[in-house]
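# What the coordinates show
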Amino acid sequence: MNMTEMSRPRAAYVHVPFCAHRCGYCDFTLVAGQEQLAEPYLQALQLELQQIEGRPELDTLFFGGGTPTHLPPDQLRRLFDLVLDHFQLAGGCEFSVEANPAGFTAEKMNLLADAGVNRISLGIQSFDSSVLGLLERDHRRKDIETSLSLLRQRFDNVAFDLIFAVPGQSLELWFATLGQAIEYAPQHVSTYGLTFEKGTAFWSRRERGELQSAAGDLEREMYLAAIDQLSSAGFEHYEISNFARPGYRCRHNEVYWTGGSYYGFGPGAARYLNGRRTTNHRSVTTWIKRTLAGESAVGETERLAPEDRARESIAIGLRRREGIEFATFQQFTGFDLPELAGETVKRMTERGWIEPTAGGIRLTREGLLFADTVAGEFL
Ligand code: SF4
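## A look at the overall build of the protein chain
The number of helices and strands found in the protein chain is 15 helices and 17 strands. A compact globule built from 379 residues would reach a C-alpha radius of gyration of about 21 Å, and the protein chain, at 21 Å, matches this within 12%. By its C-alpha atoms, the protein chain is 55 × 50 × 45 Å across when sized along the principal axes. Looking at the 379 residues of the protein chain, the share that counts as buried comes to 51%. Pairs at least 24 residues apart make up 70% of the contacts formed inside the protein chain by residues separated by at least 6 positions. By element, 48% of the accessible surface of the protein chain is carried by carbon and sulfur atoms, the whole surface being about 16400 Å². One way to put it: in the protein chain the 39 positive side-chain charges average out to a point 2 Å from where the 50 negative ones average out.

Have a look at this one:
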């Protein structure tokens, strides 16, 4: 891929595919317990970054995984140096790194802060030992407390990830988790319902009858409880799964939700440049091998026709609680939304899943529960 002639996004994602072990529900692109691949990964990443011409400026930079903080300090430092050699950060750039409470140390915390990281997304998932055990997570509540007390020394923007609809998790237990999260006063909370993805250990265990998905009603109640508890604690519910204190929305994810362009590096990473979305090969070893051999490591390429792109913008834009403003939509896509999808809007409104706003549309509270179905109707 030659990026020289491409327009310049102001957001970049770097995928760091290493974890100590693979949790039973996880289908992310990663290798577990294969630390020997970190060196070739860094070499391949350097080659991929070298395709960027000049040293573009970024407003948001996001390192996700996997577990970026699973890398030992020297490799973590080299990872940041590599990326920052190829990009400069604009004033006020949001520089996020995903971290796990397990194995998080003062040395790593200082290393992140010294590299300029100013936002940490902490994979807490739950404070409850039985839930963490069932999810096969490596950390327990004491690790969360240690990580948070370290982070408080140098970070004032910490985001929590929480999971609900875990087998055996009661509504009361989820209420307690939300309450504990609020007590720790993060700037941002993401809540995800557990999904069983084909190919994961959880999928096979459910097939064998060892695990059961949470009942649909319970999952919906848990989701609504998160909206109510976090909103009354002063969080703004700004996207289906995301809540932020005023001024602390995740600006990087907002680039995705508003159809902006972005760079992506590492196995499985996607980029969106000049209307073309390409996704790197999801196998970590294949991505490394191809990149080191000077071959394309792109697994999928997608160039959407303008109308399909506009339809996709509706599906993604509805994820934001503000919904979609017709005038902005027209400006970005060139399409008049009521003309393009008026019939679907009417149908979804009649079902009670979409409501009008001043100048646009958004999901209703009921519609939030059927967001994927609504999105599918527009595609
Ligand atoms: S720590 Fe996160 S990324 Fe790593 S295996 Fe577990 S769920 Fe997946």
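That shown, we press on.
## Some remarks on the packing of aromatic side chains
Taken as a whole and assessed by the stated rule, the structure comprises 18 aromatic pairs. Ring geometry for Phe-63 and Phe-80: centres 5.0 Å apart, planes at 85°, overall edge-to-face. Of this pair, Phe-63 sits in strand 4 (residues 57-65) while Phe-80 sits in helix 2 (residues 73-86), and the two are 17 residues apart along the sequence. Accessibility classification places Phe-63 together with Phe-80 in one group, the buried group. Look at Tyr-256 and Tyr-262: their rings are 4.7 Å apart centre to centre, the planes differ by 75°, and that puts the pair in the edge-to-face class. Exposure remark for Tyr-256: the relative accessible area of 24% places this residue in the partly exposed category. Taken together, the ring pairs connect Phe-18, Tyr-41 and Trp-287 into an aromatic cluster. Against the face of Phe-235 rests Arg-245, its NZ or CZ located 4.1 Å from the ring centre. Positioned above the aromatic ring of Tyr-272 is the side chain of Arg-277, whose terminal nitrogen or guanidinium carbon lies 5.8 Å from the ring centre.

## Brief notes about the sheet that holds strand 10 (residues 242-244)
On the basis of which strands lie adjacent, the open sheet formed by 9 strands has the order 9-10-8-7-6-5-4-1-11 and mixed pairing. Pairing within the sheet leaves two strands with one partner each, and these edge strands are strand 9 (236-239) and strand 11 (263-265). When strand polarity is set aside, the average angle formed by the axes of neighbouring strands in this sheet is 20°. Relative to strand 6 (residues 119-125), strand 5 (residues 88-99) runs parallel, the two being bridged by 4 bridges. Note on strand 6: the bridge partner recorded for Val-97 is Ile-120. In the packing of helix 5 (residues 141-154) onto the sheet, contacts are made with strand 6 and strand 7 (158-164), and the angle to strand 6 comes to roughly 170°. Along the sheet, helix 6 (residues 171-183) contacts strand 7 and strand 8 (188-193); its crossing angle with strand 7, the most-contacted strand, is approximately 180°.

## Considering the side chain of His-86
Examined against the element boundaries, His-86 turns out to sit in helix 2. Its relative accessible area of 14% is what places His-86 among the buried residues. Of the polar contacts made by the side chain of His-86, one reaches the backbone oxygen of Leu-82; its length is 3.0 Å. Residues in contact with His-86, not counting those within four places in the same chain, are Leu-49, Gln-50, Ile-52, Gly-54, Arg-55 and Pro-56.

## Some thoughts on the site of the ligand
Around the ligand, the neighbouring residues are Cys-19, His-21, Arg-22, Cys-23, Tyr-25, Cys-26, Phe-28, Leu-30, Gly-66, Thr-67, Asn-100 and Arg-137. Classifying every residue of the shell around the ligand by side-chain character gives 6 nonpolar, 4 polar and 2 charged.

## A few points about the side chain of Thr-177
Along the chain, Thr-177 turns up in helix 6. Its relative accessible area of 1% is what places Thr-177 among the buried residues.

## Quick notes on the nonpolar core
What tends to happen in soluble globular proteins is that the nonpolar side chains get buried as a cluster. By size, the foremost hydrophobic cluster in this structure holds 89 residues, and its most contacted members are Tyr-41, Leu-45, Phe-63 and Leu-79. If you tally residues by element for this core, the top one is helix 8 (residues 216-232), at 7 residues. When we break this core down by domain, the ones giving at least three residues each are domain 1 (11-257) and domain 2 (307-378). Setting aside residues no more than four positions away along its own chain, Tyr-41 makes contact with Val-14, His-15, Val-16, Pro-17, Phe-18, Leu-79, Pro-267, Trp-287 and Ile-288. In this structure, Cys-23, Tyr-25, Cys-26 and Val-166 belong to the second largest nonpolar core, which totals 13 residues.

## Here's the deal with the pattern of salt bridges
Considering all chains together, one arrives at 24 salt bridges under this definition. The partner of Arg-347 in a salt bridge is Glu-377, and the shortest N-O contact between them spans 2.8 Å. Linking Arg-347 in helix 13 (residues 337-350) with Glu-377 in helix 15 (residues 371-378), this pair joins segments that are 30 residues apart in sequence. The residue Glu-355 makes a salt bridge to Arg-362 at a minimum N-O spacing of 2.9 Å. The class for Glu-355 is partly exposed, based on a relative accessible area of 27%. Judged by its relative accessible area of 26%, Arg-362 is partly exposed. Linked through salt bridges whose partners overlap, the residues forming this network are Glu-236, Arg-249, Glu-254, Arg-320 and Glu-322.

## Observations concerning the sheet that holds strand 16 (residues 354-357)
In space, the 3 strands of this open sheet follow the order 15-17-16, with antiparallel pairing throughout. The open sheet is flanked by strand 15 (324-325) and strand 16, the only strands paired with a single partner. Where strand 16 meets strand 17 (residues 360-363), 4 bridges bridge the pair, whose relative direction is antiparallel. Paired with Ile-354 across the bridge in strand 17 is Leu-363.

Each value, and the rule that gives it
Residues numbered from 1 in each chain as written. Predicted model: local features only at pLDDT ≥ 70, side-chain atom pairs only at ≥ 80, totals over all residues. Heavy atoms only, no water. Helix = DSSP H or I, 4+ residues; strand = E, 2+ residues; numbered from the N terminus. Rg over C-alpha atoms; globule rule 2.2 N^0.38 Å. Buried < 20%, exposed > 50% of the residue type's maximum accessible area, 1.4 Å probe, protein only. Contact = heavy atoms within 4.5 Å. Areas by Shrake-Rupley, 256 points an atom, 1.4 Å probe, with all protein chains shown as cover. Lys, Arg positive; Asp, Glu negative; His and termini not counted. Charge placed at Lys NZ, Arg CZ, Asp CG, Glu CD. Phe/Tyr/Trp six-rings, centres within 6.5 Å; stacked < 30°, edge-to-face > 60°. Lys NZ or Arg CZ within 6 Å of the ring centre and 35° of its normal. Pairing = 2+ DSSP bridges. Axes fitted to C-alpha atoms, helices over the stretch in contact; angles between N-to-C directions. Polar contact = N/O pair within 3.5 Å; in protein donor to acceptor, adjacent residues only side chain to side chain. Near = heavy atom within 4 Å. Nonpolar A, V, L, I, M, F, W, Y, C, P; charged D, E, K, R; others polar. Core = buried A, V, L, I, M, F, W, Y, C linked by side-chain atoms within 4.5 Å. Domains from an automatic or database assignment. Salt bridge = Lys/Arg side-chain N within 4 Å of Asp/Glu carboxyl O.

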